[in-house]
Amino acid sequence: MNIAFFLTPKSEIVYETIDATMRQALEKMEHHRYTAIPLIDKKGKYVGAITEGDLLWKLKNTSGLTIEGTNNISIKDVHRHTQSNTVSISANMEDLILLAKNQNFVPVIDDQGIFIGIIKRSDIINYCADLLFKDKVNQRN
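What you see is a predicted model; the values in this text were computed from it and never measured.

*Asks:* Got a minute to help me understand the overall build of the protein chain in this structure?
*Replies:* Each helix and strand counted, the protein chain has four helices and seven strands in total. The N-to-C order of helical and strand elements in the protein chain reads β-β-α-β-β-α-β-α-β-β-α. Expressed along its principal axes, the backbone C-alpha trace of the protein chain runs to roughly 65 × 35 × 25 Å. Expressed as a percentage of the 141 residues in the protein chain, the buried residues total 35%. Split by element, the accessible area of the protein chain, about 8,800 Å² in all, is 50% carbon and sulfur. Seen as two clouds, the 17 positive and the 17 negative side-chain charges of the protein chain have centres 2 Å apart.

As structure tokens, this is what we get:
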């Protein structure tokens, strides 16, 4: 099976640019109710993910920083505590599964390193569950 089967394209996901402010990332995450979102650079390359925890730690560890002050803090200046590894669109399923074990989403890049979307761990689990339950139903019939 090709991993593209699981791909949610960039046009359908929430992401932010590395040049955005903390406030922009916070508001986007709050609006969509996400705990982490991918980050890309001006050229469209994946540079990492930002999490609620990363933003909270920056707020906590920056003396005098208020929510209003997050308008002046670039995402570049927020330490990211986790590394979200990418997978190439031409990767095999084993590579995808190994990454999905430890990441809620796996960023997908093309052959030039351009971010093209994500694969959600929940989509992989749902697919496997459907296969498992389908086999159990067929065994009963």
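*Asks:* I'm lost on the sheet that holds strand S5 (residues 87–88) in this one. Help?
*Replies:* Consider a sheet: its strands pair through backbone hydrogen bonds, and that pairing is either parallel or antiparallel. Here four strands make up an open sheet; going across it, the order is S1-S7-S6-S5 and the pairing mixed. Among the strands making up the open sheet, the edge pair consists of strand S1 (8–9) and S5. Bridging between strand S6 (residues 105–109) and strand S7 (residues 115–120) involves five bridges; their strand directions are antiparallel. Across the sheet, the residue bridging to Pro107 is Ile118, located in S7.

*Asks:* Just checking my understanding: could you explain the sheet that holds strand S2 (residues 16–17) for this structure?
*Replies:* Taken in spatial order, the three strands of this open sheet run S2-S3-S4, and their pairing is mixed. With one partner strand each, in any of the chains shown, S2 and strand S4 (46–51) form the two edges of the open sheet. Examined bridge by bridge, strand S3 (residues 36–40) and S4 share five bridges and lie antiparallel to one another. Each residue of the ladder has a partner; that of Ala36, found in S4, is Thr51.

*Asks:* It is not clear to me how the nonpolar core should be interpreted in this structure. Could you clarify?
*Replies:* In globular proteins that are soluble, nonpolar side chains generally tend to be buried together. Of all hydrophobic cores here, the largest spans 14 residues; its most connected members are Met22, Ile50, Leu55, Ile75 and Val78. Those elements that provide at least two residues to this core are helix H1 (22–32) and S3. If you tally residues by element for this core, the top one is H1, at three residues. Excluding residues that lie within four positions of it along the chain, Ile50 makes contacts with Met29, Thr35, Ala36, Ile37, Leu39, Leu55, Ile75, Val78 and Arg80.

*Asks:* Explanation requested: helix H3 (residues 93–100) in the structure shown.
*Replies:* Because an α-helix completes one turn every 3.6 residues, residues spaced three or four positions apart along the sequence face the same direction. Taken together, the buried positions of H3 are occupied by Met93, Leu96, Leu99 and Ala100. Buried residues in H3, looked at end-on, bunch into an arc of 130 degrees, giving them a common side. Those residues of H3 that are exposed and aimed more than 90 degrees away from the buried face are Glu94 and Leu98. Regarding H3, its N-cap is Asn92, as a side-chain oxygen of that residue lies 3.1 Å from the backbone nitrogen of Glu94 further along.

*Asks:* So what exactly am I meant to see when it comes to the side chain of Thr8 here?
*Replies:* Mapping Thr8 onto the fold places it in strand S1. Residue Thr8 is classed as buried on the basis of its relative accessible area of 11%. Sequence-distant contacts of Thr8, that is, excluding residues within four places in its chain, are made with Ile13, Ile116, Gly117, Ile118, Lys120 and Asp123.

Rules used throughout
Going along each chain's sequence as written, the residues are numbered from 1 onward. With pLDDT at 70 or above as the cut-off, local features in this predicted model cover only qualifying residues; side-chain atom pairs require 80 or more to be listed or tallied, and sums for whole chains, interfaces and linings still use all residues. Remark: hydrogens and water are excluded; side-chain values derive from all non-hydrogen atoms of the structure. Helix and strand definitions here come from DSSP, where helices need a minimum of 4 consecutive H or I residues and strands a minimum of 2 consecutive E residues; each element is numbered from the N-terminal end. Here the term buried applies to any residue with accessible area under 20% of the maximum for its type, exposed to any over 50%, and partly exposed to those in between, with areas from a 1.4 Å probe on protein chains only. Calculation of accessible area relied on Shrake-Rupley with a 1.4 Å probe; when residues are assessed, cover is drawn exclusively from the protein chains displayed. Positive charges are assigned to Lys and Arg, negative charges to Asp and Glu, while His and the chain termini are left out of the count. Charge coordinates come from a single atom per side chain, which is NZ of Lys, CZ of Arg, CG of Asp or CD of Glu. The criterion for strand pairing is that DSSP finds at least two bridges linking the strands in question. The criterion is simple. A nonpolar core is a set of buried Ala, Val, Leu, Ile, Met, Phe, Trp, Tyr and Cys residues joined through side-chain atoms within 4.5 Å. Note on contacts: a residue pair is in contact if any heavy atoms of the two residues lie within 4.5 Å. Comment: arc refers to directions from the helix axis out to C-beta atoms. Whenever two N or O atoms come within 3.5 Å, that pair is a polar contact, provided that in protein one can donate a hydrogen and the other can accept it, and provided that, for residues adjacent in sequence, both atoms are side-chain atoms.

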